[in-house]
Amino acid sequence: MAEGQAGVSSLPLPPMQYVNLYTDENIKKMRAPRPPPPIQDNYSMFGATISADDNIIQSLESQGLKRLYPQNYDHKRELKKLNHSILVNFLDLIDILIKSPDSPKRAEKFNDLNLLFIHIHHLINEFRPHQARETLRVMMEVQKRQRLETVERFQKHLDKVVELLQNCVSALPEDASLDSKLLINTEAMDVDGTHAESESEEKAISDMDGMMCDIVEGLNQT
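In this convention, every chain numbers its residues from 1, walking through the sequence in written order. Only residues with pLDDT of at least 70 get local features here, since the model is predicted, and only at 80 or more are side-chain atom pairs given and counted; chain-wide, interface and lining totals rely on the full set of residues. Derived side-chain values reflect all non-hydrogen atoms in the structure, with water molecules and hydrogen atoms excluded from consideration.

(A) Structural context of the nonpolar core. Residues grouped as a nonpolar core are buried Ala, Val, Leu, Ile, Met, Phe, Trp, Tyr and Cys residues, joined through side-chain atoms within 4.5 Å. A 1.4 Å probe rolled over the protein chains alone gives each residue an accessible area, and that area as a share of the maximum for its type sets the label: buried under 20%, exposed over 50%, partly exposed in between. Counting residues in each nonpolar core, the largest one holds nine residues, listed as Leu60, Tyr69, Leu82, Ile86, Leu93, Leu113, Leu116, Ile120 and Leu123. Looking at this core, the elements that each hand over two or more residues are α3 (75–99) and α4 (105–126). Contacts between residues were defined by any pair of non-hydrogen atoms, one from each residue, lying within 4.5 Å. Residues within four places of Leu123 in sequence aside, it is in contact with Tyr69, Tyr73, His75, Glu78, Leu79 and Leu82. Runs of H or I in DSSP of at least four residues are treated as helices and runs of E of at least two as strands, each being numbered from the N terminus.

Structure follows, in structure tokens:
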């Protein structure tokens, strides 16, 4: 059996089984199946054969359907008219089913409703590119607002830091003599420390010499 990213079969799977493999655990462990390859030839969708080279939104004429509105039209107006026509034809269909269910007009109303729904679906699909652009515009506006809020918060923190630094500088003493007294001469400390250490060593040596002299004098007296 062919293997996918990490032990998952890359063979074609039924759609629902394929989707069910995309769990959070499988994605975290890199066990989700690979994406399906792009379709190059024809494919079937909702019982209709579609070519990969066809336009995403096909015209009504190319589908063998009768156009109920002109070539140049207002989408909003035509959608309202189609919605009204669907409601009227549905009421007519109910009336036919009540009075004469076996009448051939029933099939005619079914066909009319089917055509009206196809038209309203086609008009809605023509709004998809506009919907996609509007979605991207809203996403970019949200990102822009988040970035501006981040910059504003950063500027507030920066202003607080600058204010604290200015307060610290203003709190420092202004007398130069006092400032000089606060400074510590580390070089002098090093020198003084060296002198003190050498003096203590010399004192220890002189004490040792005195002790040795006292011992020698005691031995001579005996």
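(B) Just the packing of α3 against α4, in detail. In this analysis, axes come from line fits to C-alpha atoms, helices being fitted only over the stretch in contact, and the angle between any two N-to-C directions falls in the range 0 to 180 degrees. Two elements in contact, α3 and α4, have axes separated by 9 Å at closest approach and are oriented at 160°. One way to sum up the angle between α3 and α4 is to call them roughly antiparallel. Between α3 and α4 lies a crossing of left-handed hand. Three classes are used, and their members are as follows: Ala, Val, Leu, Ile, Met, Phe, Trp, Tyr, Cys and Pro are nonpolar, Asp, Glu, Lys and Arg are charged, and the others, Gly among them, are polar. Residues that form the contact of α3 with α4 fall into these classes: 14 nonpolar, five polar and seven charged. Relative orientations are named as follows: roughly parallel for angles under 35 degrees, roughly antiparallel for angles over 145 degrees, roughly perpendicular for angles from 65 to 115 degrees, and oblique for any other angle. By convention the crossing between two helices is left-handed if the near helix lies anticlockwise of the far one by an angle smaller than a right angle, and right-handed if it lies clockwise.

(C) The arrangement of the side chain of Asn89 in detail. Within the fold, Asn89 resides in helix α3. A relative accessible area of 12% means that Asn89 is categorised as buried. Two N or O atoms count as a polar contact when they lie within 3.5 Å, although within protein this holds only if one can serve as hydrogen donor and the other as acceptor, and sequence-adjacent residues are included solely when both atoms are side-chain atoms. Side-chain polar atoms of Asn89 contact the backbone oxygen of Ser85, separated by 2.7 Å. Those residues in contact with Asn89, other than ones at most four positions away along the chain, are Lys109, Asp112, Leu113 and Leu116.

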